[in-house]
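# Chain and residue survey
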Amino acid sequence: MSRVFSYVTVSTLVNTRDNVVMAEVGAGQVARLAVLFERHHRALFRYFVSMNGNREVAEDLVQEVFFRMLRYRTSYDPAQSFTAWMYQIARNAGVDQVRKRGSAQVVDIDSFVDRRAELVSASPGPEESVSRGQDLALLRRAMDRLPEDKREILVLSRFQGMKHEDIAEVLGCEVGTVKVRVYRAIRALEQIYFALEKEKAS
Amino acid sequence: MNCEQAKTQMLGGTIPGENQGEEFAAHLASCETCRTESSRIGALWQSLDLLPVEEPSGKVRERFYEMLGAYRQGQASVTMPVKQAWPRMIWQVAAAAALLAVGLGIGYGVREDRSRPELVQLREEVASMRQLVALSLMQQQSASDRLRGVSWSYQVEPSDEEVMNQLVTTVNHDPNVNVRLAAVDALRPFTGSPATHLMARNAVIQALPKQTTPIVQVALIDFLAELKERNAAPELRRMVSDPDIDSGVRKRAEWALERMQ
């Protein structure tokens, strides 16, 4: 059987770097985007869920990111970090989606966040039990209550495991600034967490 | 290093590729305030790991491959933001899926009919997509993903050597017993294909001495008995006489040898 796609071997799936695969997509082998999809769609989904708290919207946005990769595939520079490029697209897609939703209906962000917090406390899961000294339900509520910019930098650095250099590229700032912002974000999380803990105790 | 500088380094040791350096260590040794703070926020940082991980539904993958197929047919090249895009995309994807289904139906009918090269091409593309998904999933870190990859392997042509080889690798080396068991079962179609049956049979025989988990050993023995694979007899006899092997497995090997007679 002659292959229409470039022949995908096990070793290329494992070893080929993202930027090389994306360069191949840019050169016209669009089916190779599936390799990048398999590698990154879960992380992107978690990013969007962490940012907007809505699984359905997050799934739409994952789709949109890969759609945009196809559309802008020729603009990708293989010398650039693929992860940084992908999250730049993801951020833009997220912003466009919020704008779109904002024009369709006025969303009160505070009440949205509070509703998420209520849902969490109303449906305690196994994570409710205190573990390693942290109340995970409180921690999740604290994450939800973090200002968006702080939540984003924590999500990128902690959950997406991105290097500071890549985050700096995504956010358009210096690496030193990223370090300071990550520190401030974790401190803010700590303060919100302790505030919630006090609320709970009183 | 002063306290201000130390604060930006506090999470460095917890981030891959980041190094806090000797200066930071020296500062912590001499500053109790920073030492306490570093330990406190480091613990909070680590505890974020315990938050439940959200997983996307299977629809995401399904929709991606539909979108990719539609895009490749030039039907998804319109500039669209999310909310506007989807109603149109759904129609495009539905149309593409319908075309694909028709194409596949005719493609199977005409087989390698050179007069309809576009249908043959379409069929090959779908086969390649399935291969890609199966191979890619079997490479993932999560055992549930690898299990899904094994399931996907049923959708590829049983003559696909690459997928067969990956299944063999999974049988031999996957750390998860359930994934290994599923991969043993998934090798069955390959033993029925003229292109791969010899390789598949040999791979199953060679996998037998590599396994140490009784349940997987039994699965392989059953498979070889079902195939009446006499080339496995020497290995089965060795197993029967090896006192280190689980007694249940030895009995099963004995049973298989009798069945092959």
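With that settled, consider the overall build of chain A. Across its full length, chain A holds ten helices and zero strands. Residues classed as buried in chain A amount to 50% of the 202 residues present. Sequence separation of at least 24 residues holds for 62% of the intrachain contacts in chain A that already meet a minimum separation of 6. As displayed, chain A has an accessible area near 9,300 Å², and 50% of this comes from carbon and sulfur atoms.

Right, let's talk about the packing of aromatic side chains for a bit. Counting across every chain of the model gives eleven aromatic pairs over all chains. Summarising the aromatic geometry, the rings of phenylalanine 37 of chain A and tyrosine 65 of chain B are spaced 6.0 Å apart at their centres and angled 75° between planes, so their arrangement reads as edge-to-face. Here tyrosine 65 of chain B lies in helix 4 (residues 59-72) and phenylalanine 37 of chain A lies in helix 3 (residues 33-52), a pairing that spans two chains. Grouping residues by exposure puts phenylalanine 37 of chain A and tyrosine 65 of chain B together as buried. Their ring planes at 70° and their centres at 5.7 Å tell us that tyrosine 193 of chain A and phenylalanine 194 of chain A sit as a pair that is edge-to-face. Tyrosine 193 of chain A sits in the buried class, given a relative accessible area of 3%. Relative accessible area serves as the criterion here: at 40%, phenylalanine 194 of chain A is assigned to the partly exposed category. Taking NZ or CZ as reference, arginine 188 of chain B lies 4.5 Å from the ring centre of phenylalanine 223 of chain B, over its face.

Given 3.6 residues to a turn, an α-helix orients residues that are three or four positions apart in the same direction. Residue and element names in this part refer to chain B. Those residues of helix 12 (residues 233-240) not exposed but buried are Ala233, Glu235, Leu236 and Met239. All buried residues of helix 12 lie within an arc of 160° about the axis, which places them on one face of the element. Where helix 12 is buried, its residues meet helix 11 (214-227) and helix 13 (247-260).

Ranked by internal contacts, the top residues of the largest apolar core, which has 74 residues, are Leu33, Val65, Phe66, Met69, Tyr87 and Leu189 of chain A together with Phe64 of chain B. It is helix 3 of chain A that provides the largest number of residues to this core, a total of eleven residues. Apart from residues no more than four positions distant in its own chain, leucine 33 of chain A is found in contact with Met22, Val25, Phe66, Met69 and Leu70 of chain A together with Phe64 and Leu68 of chain B. Met138, Ala186, Ala200 and Leu220 of chain B belong to the second largest nonpolar core, which has 41 residues in total.

The next thing to look at is helix 2 (residues 18-26) of chain A. Residues and elements named next belong to chain A. Within the sequence span of helix 2, burial applies to Asp18, Asn19, Val21, Met22 and Val25. Seen along its axis, helix 2 keeps its buried residues to an arc of 160°; they face one direction. Directly beyond the C-terminal end of helix 2, a positive phi value near 115° is found at glycine 28.

A word on the confidence of the model for chain B. Summing up the model confidence of chain B, the mean pLDDT is 77 and the portion of residues at 70 or higher is 75%. Contacts from residues 110-115 of chain B, a stretch scored under 50 in pLDDT, to residues over four places away or in other chains number five contacts.

Here the structure, examined in full by the defined rule, presents zero disulfides over all chains. Of all cysteine sulfurs in the structure, the one in cysteine 31 of chain B sits closest to cysteine 34 of chain B, which takes part in no disulfide; the separation is 3.7 Å.

The next subject is the pattern of salt bridges. Evaluation of the coordinates by the stated rule reveals 22 salt bridges over all chains. Here arginine 39 of chain A makes a salt bridge to aspartate 18 of chain A, at a shortest N to O gap of 2.7 Å. Here arginine 39 of chain A, found in helix 3, pairs with aspartate 18 of chain A, found in helix 2; they are 21 residues apart in sequence, far enough to count as distant. Linking arginine 42 of chain A and glutamate 55 of chain B is a salt bridge whose minimum nitrogen-to-oxygen distance equals 3.5 Å. Taken together, the residues span two chains, with arginine 42 of chain A in helix 3 and glutamate 55 of chain B in the loop between helix 3 (32-47) and helix 4. The class of arginine 42 of chain A is buried, set by a relative accessible area of 9%. Taking the relative accessible area as the measure of exposure, glutamate 55 of chain B reaches 38% and is therefore partly exposed. A single network of salt bridges, built from pairs that share partners, joins Arg42 and Arg46 of chain A together with Glu55, Asp145 and Arg148 of chain B.

Criteria and cut-off values
Residues numbered from 1 in each chain as written. Chains lettered and ligands numbered in written order. Predicted model: local features only at pLDDT ≥ 70, side-chain atom pairs only at ≥ 80, totals over all residues. Heavy atoms only, no water. Helix = DSSP H or I, 4+ residues; strand = E, 2+ residues; numbered from the N terminus. Buried < 20%, exposed > 50% of the residue type's maximum accessible area, 1.4 Å probe, protein only. Contact = heavy atoms within 4.5 Å. Areas by Shrake-Rupley, 256 points an atom, 1.4 Å probe, with all protein chains shown as cover. Phe/Tyr/Trp six-rings, centres within 6.5 Å; stacked < 30°, edge-to-face > 60°. Lys NZ or Arg CZ within 6 Å of the ring centre and 35° of its normal. Arc of directions from axis to C-beta. Core = buried A, V, L, I, M, F, W, Y, C linked by side-chain atoms within 4.5 Å. pLDDT = per-residue confidence, 0-100. Disulfide = S-S within 2.5 Å. Salt bridge = Lys/Arg side-chain N within 4 Å of Asp/Glu carboxyl O.

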